[in-house]
Structure formats: C-alpha cells, structure tokens
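# A closer look at the structure
Okay, here's what each chain looks like letter by letter:
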Amino acid sequence: MRRKAIERLAPKKPAGKGLTATLQELGEILILNIYQAKDLLVRYCINYETGEHEYWIEQHGWRKGGILNALNEDWRDWERRSYENYPKLQKKDADRMKELITDRSWKDSPWERIKAMEYRYNREIRENTEMNKKARLMELMRKVPDRPGDLREWFFEKSAGEDYMFRKKGTQTFVCTNCGESSEASEIKRQDGGERIRHNDVVICPACRKLIQAKTRTAHMEQKYKSCYLIQPVNEDTSVLRIIEAKVGWDNGRHYVELGDEIRILLYRVYSDRKMKKTYKIYYEDYLEGWTEGNRKNLRARQGYLYPGEFDKILAGTIYSGASKVLEFLSAQGQELNYNRLMAGTGWTKEYAEKIEYLSKGRFWNLLKDTVEHTEYPGYQHAYYGPLNLRADSIEEMFLIRDRQKINRIRDEHGGNDMVRWMQYSDEIGKKISSETVRWMTANRIRPEDIRELEEYMSPQQIMNYIIRQQAEQYSGKEPKEVLEEYKDYINMCEACSKNMKDEMVYRPRELKRRHDEVVVDRQQMQILRELDTNTEAKEKYAEEMRQKFHQAEGILKEIKSRYEYENEEYKILVPDTLIDIVKEGRALHHCAGSSERYFDRIESRETYICFLRRKEAPGIPFYTIEVEPGGTIRQHRSYLDEEPGIEQIREFLKEWQKVIRKRLTEEDKKLAKISKIKREANIEELKAKNNTRVLQGLAEDFLEAEEIQEAV
C-alpha cells in the first residue's frame, strides 16, 4: 500500500450532507473518503488488483483491517445495517467501483464487492501463511536424524526378550521365532526331560539351541502398544524427544517390531544472552496433514523404554539438562516408564530430577513409576500430586516419615504411593501395620484418610478383618470399600444418636446391615422428636451444635442460593437455609440424606450441595432431594422411600435447571466442578476395571451429567 502517496493526496470533499463517501483513484488503489456532516471520519483504501486493504484515521494513523473495521472505528453497528444505511455514494462512483472490483456476491452492491474481495485476499493470505508454516515444519522435521539401525532389536530385547516355537496347525512341526528354523516334535527336547510337548512347555530349539517356550494352541502373539523414547540432537539450538508407537509380535517363524513416530517434542536450548519464548514445542503425526500442532488422533505417551544416548550433550542448555544422569541410568536399567512425564517434571520442578535419581538408585521401582505417573504436564496447577515432598532436603522429609526402617520397608516390599501413605500413617500413630493389612488396603484402594474416623474404635488390621467378615456375611455383592463406607455411615449415625460408643456391641455389631438399617430409623425418630418438641431453646441448641461442627456449611448454602434456585411452571428448586432443614427433609422422605452428617461435610468442603425439588403447587411439601456438584452434575435424586414418582418429567426439569446453573457459575464454581468431576470419573473407571456392573448401573440411573464446563484460562 502506497501510504505516503495517499497521505499527500488531499481527500475529495463530499457534495451532500450526512453520512457520505467520495471515491478517489491512485493507480490501482481505490480510496474511499468517508464523511459525517462533512467531517472526515476515515480513509479506506483497497488495491482492486490484489485485494490488499487498510485504512487511515487521523487520531491513530494507518491500521490493518477491512471496510467494517474502518466503519466500526466510529462505533456504529455496520454489520447489522442494510446497505441502504451505508455511506451514500454518487452513482458514478458506485459504478466505477463495480467496474474495477469484479468480485461478486449475493448482493450487487459496491460494499458487498469490497467485502468479497477482502475475504478472497484474506483467505489467500491464510492459505499462503499455512503453506509456508507447513513447509518450514517439514524442513525442520527432515533435519531430525534417522532412527538408529539397531532400534528394533534393542526394543525387542527390552520389552520382550524371548522367543517361541509355534506348532503348525495339523502337524507336529514347530517353527522357532528366534532362528526361523522348523523342527519336528520328535527332535525337540523339553527342559524338564519330559517327552510330549505341551502348551507353554520350555523347550530347547534343535537349530539355535535356545531355551524358548512352546506354543501348541496358537500360531501368533503380540504385545499391547508401548512407547519407544528416543532423544536426539537436531541442530545447535534444538534437540528432539521422539515418542514412537511400538508393538512386538511373533508369527511365521519370526519376531517383529512395528515402529511409528507419533509425537515429537522439540527441546530448545536457553542461552543467557537471549530470552527464548518457548522451551519446547510439541508436534503430532496426523494421517492427513503429516506433522502438525493439532492432535486430532488424540495421541498420548505411554509407558515404554528409553533408547540410550549421550544425554548430557543432547540436553545441554535445555531446561531438562538436570535429568541427564538419571535418564542414562534408567535407560541402562531398562526401566519401563512414561519418560515424557519424567522430563516434564524435570523442567517444571527444580528438585525433581534429584529425587527421581534417588528413587532409581535406591531401587524404589514401583514408587518411581507411581511418582512419574503422578507428574503432570506444564499448564496444570500442580506439577506433582503424590504423597512425597519433592522439595525436601533429607530422605525423611522427602518421605514424611521419621523412621528409616519404614522407608526401607517400602523398598523391600516394592511399595508405591499407597504404601507410602500407609507408612506415613504408621509413623504418625506410632504403631506398626502388618504387611498383610497394607497389601489388602492398597489392593482395595483404601487409604488412611478413609479410616481416620474409625481409629478410636479399631486398629487397621481389625478394620480389615471386620470388613472382610461383613462382606462375606452381609454384603456379598459389594466391594470392600463400599462396605467400609456403610460402616462409617453407621458409626456416624450412632454418634449422632448419642449411643454408648464404648460398647463393642455398638461400634462393632455382628450384623452390620441390620444394625445400619435400625440406626437409620433411630436417627429419624430422634429427629422427629426434635421437630415435635416445641422447646425453642432445645431446637436452637441443636442448630448451634450443627453450626459449630460445620460452621461454614450454612454460609455456603446462603452464598449459592441465588445461583442454584430456579423454578418453571411446574417445579421449583430450593436451597435449604439451615442444616436442620436438610435433616427434616430426610425424615419426611425417609432417606438418609439428613440422617448422616457426611452430607454436611460434603457441603462444608464444597464437593456437593443439597437442594430441594418441590412441586410448585405444593412448595411446602418435600418431593425430591437433590445432591448436586458445583458444576451442575446431579449425583443423586431421592424421593419418598427412594421411589421415583414422575421421574421422566423430573429429569426434563433437572436438565432445564442445569442449563440455567451453567450460565450463573462463577470461576470458583468451575474450578470446584472440575475437582468433583475428576473424583467421579476416577470412581467410575475403578468400577469398570472391577467389572462391577451392578454398581455401574446404579450410578447410571442416579447421575445426570451437566455439559462440559470450559476451564477459565
């Protein structure tokens, strides 16, 4: 654009009044001078051959943008206006613009033609920019070195390292995947000296003399996909972490390794004499576009093996250089890890590499894997969210355990994060916890915080034995953790009913299910008595007791009231004013929402809230009790005796309510919603892994998901 020449050309004055425009030409450039009451607002310029365009305003000078940007500088809503309301042009100027600007659109207006030419020009610019960017990326990717020639065999030895002899179908001929030679069954010797070769017998291949496993029932095997990690130099400023999809298989007298690059992370050197904008950049392999920044295939790094290299040289100058020694050690040891997370932690947390090195050389292999798996990628609030203190100066501070014998026990028993938590708990209470108890607790995903409220009644081992017995006798269809939750509900209600908690028959009943159901009724009867009691002083005393125990809960209910209350023609959602209101609701509907203080605890921690659903025609009569997460996801909806009257209409209303809630959410609500969602999804994944279809079906009936909450950036 010939800016200086345009500035020297005096704007052509308008003939009329109001909002008008005059046309001038400067070579191939059309200049539109736009006036309001003969005051010049803006000069818009467009090259009618190329489509290049920009505009000039006296207050700001030259700016990039189209005709709508030029007009909007005066804050008029031009996009909504009809073309009759645009600046008035003389007919000869409009005809001249149509003659020179040949781009056509749905309306034969000079303004529409300008917009059409702008669109074409901008599209070509975008396409050219994208092509140039793609070309630069492809040129960079061509600089990535080839894979090492021995990578396939190296990965095979690390991830598998064994071969098989497959029997050909319908014959007694076996083929060795190590050497590829065929042998008759009569020629093959079993390692244990037996005669007939059975499935999975260890035999000696007559050709290569290698000890391998015989397979008589299958002719093909393959591993699940793993990741092969390769760190290489690219140029003097850049290295690359290549995450390669790898699968090992055996068939047709051979073993094979399939490799395919999925992710490449460019690692940039950060020099003291300049500031790098990025320390890394991630690219993904796309089946349509090649290497791209978009991850359309949702590629993810898996656990895998790291190919050895001179990492101190390759990573020198990057923020990951501190991990060089531990990477060399782990690669030599052949440890299967998510090295992408490990390197992310190194760049994110200063002391991370040092602690990983200690765990590696101390042979805390399972804890090492858990630590790496609990390391997040850059961008998350916490880089590491496990039980260790990675910023500690001593081993005791790192493990948060004073007794070194307990730390050694974690290593000797191949413990991970959960065992660390149990040893921390053992160190805290000053009592030993048996290996049997720790193994059972960790196997059933029970953590110390799950039993803290029970520690005054039973030891961890006694709790384990009690839950095992109750599961066998009373709760055959439930998981141990579910039985534990039922027991905790029972204890909580007994305490609320002022029962004698020193009596073993109370705190450790033989028939937990029956006693739990009985104490629910007891709790409800106590509530009824309180409600029927006209003694205002007694009611206030109980209210104060609840407020003291959950001193923030009522304030939270008051704070969310404006966001969560809603009504339509048939139903309304109410947020209770007090905790006593929740107790009364539970008594009226005969469910346990108000019988256990655990629901008050959830309100206190903002994990879930309790709301009341009422019929609009009878707002004072309890109908449904709703347990809802901060983001609007409904965990439970319960009516009288857990029945579901009018459930289809209720669900439609609840979905309508959820849409309203989402529009009212604060940024804090969204953060809390994310936490609640993670907890819920983790529980569902755990149930799926255990194939607990009964519980999953119950969750599917209770849960009513809200749509995804977009996290604030």
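Refer to the structure printed above.
Notes on the structure in this doc start here. Since this is a predicted model, take the numbers as computed values, not measurements. (Residues numbered from 1 in each chain as written. Predicted model: local features only at pLDDT ≥ 70, side-chain atom pairs only at ≥ 80, totals over all residues. Heavy atoms only, no water.)

Under the definition given, this model contains 55 salt bridges. For the salt bridge of Glu124 with Arg120, the shortest nitrogen-to-oxygen distance reads 3.7 Å. Of the two residues, Glu124 and Arg120 are both situated in helix H4 (residues 110-142); the distance of 4 residues between them amounts to about one turn of the helix. For Glu627, the salt bridge goes to Arg602, with nearest N and O atoms at 2.8 Å. Of the two residues, Glu627 is situated in strand S22 (residues 624-628) and Arg602 in helix H22 (residues 598-604); the sequence distance between them amounts to 25 residues. The exposure class assigned to Arg602 is partly exposed, which follows from its relative accessible area of 23%. (Salt bridge = Lys/Arg side-chain N within 4 Å of Asp/Glu carboxyl O. Helix = DSSP H or I, 4+ residues; strand = E, 2+ residues; numbered from the N terminus. Buried < 20%, exposed > 50% of the residue type's maximum accessible area, 1.4 Å probe, protein only.)

Turning our attention to the pairing of strand S21 (residues 609-615). Within a regular strand, side chains alternate between the sheet's two faces. Within S21, 6 of the 7 residues are buried, which leaves it mostly tucked inside the rest of the structure. Across 4 bridges, the pairing between strand S20 (residues 571-574) and S21 is antiparallel. In the strand pairing of S21, Tyr571 is matched with Arg615. Note: S21 against S22, 5 bridges, orientation antiparallel. Pairing of Cys611 across the sheet is with Ile626, part of S22. (Pairing = 2+ DSSP bridges.)

Scanning the entire structure with this criterion turns up 20 aromatic pairs. Ring geometry for Tyr229 versus Tyr339: centroids 5.5 Å apart, planes at 65 degrees, classification edge-to-face. One end of the pair, Tyr229, is in strand S13 (residues 226-233); the other, Tyr339, is in helix H8 (residues 339-348), and 110 residues separate them in sequence. Taking relative accessible area as the criterion, Tyr339 reaches 1% and is therefore assigned buried. Residues Tyr466 and Tyr487 carry aromatic rings whose centres are separated by 5.0 Å and whose planes lie at 50 degrees to one another, so their mutual orientation is tilted. (Phe/Tyr/Trp six-rings, centres within 6.5 Å; stacked < 30°, edge-to-face > 60°.)

With that settled, the discussion passes to the sheet that holds S21. The 5 strands are arranged S19-S20-S21-S22-S23 in an open sheet whose pairing can be described as antiparallel. Every interior strand has two partners, whereas the edge strands, strand S19 (566-567) and strand S23 (634-638), have only one. Its contacts with the sheet put helix H20 (residues 553-564) on S19, S20 and S21, and the angle it makes with S21 is roughly 50 degrees. The strands touched by helix H23 (residues 647-664) are S19, S20, S21, S22 and S23; relative to S20, the strand with the most contacts, the crossing angle is about 50 degrees. (Contact = heavy atoms within 4.5 Å. Axes fitted to C-alpha atoms, helices over the stretch in contact; angles between N-to-C directions.)

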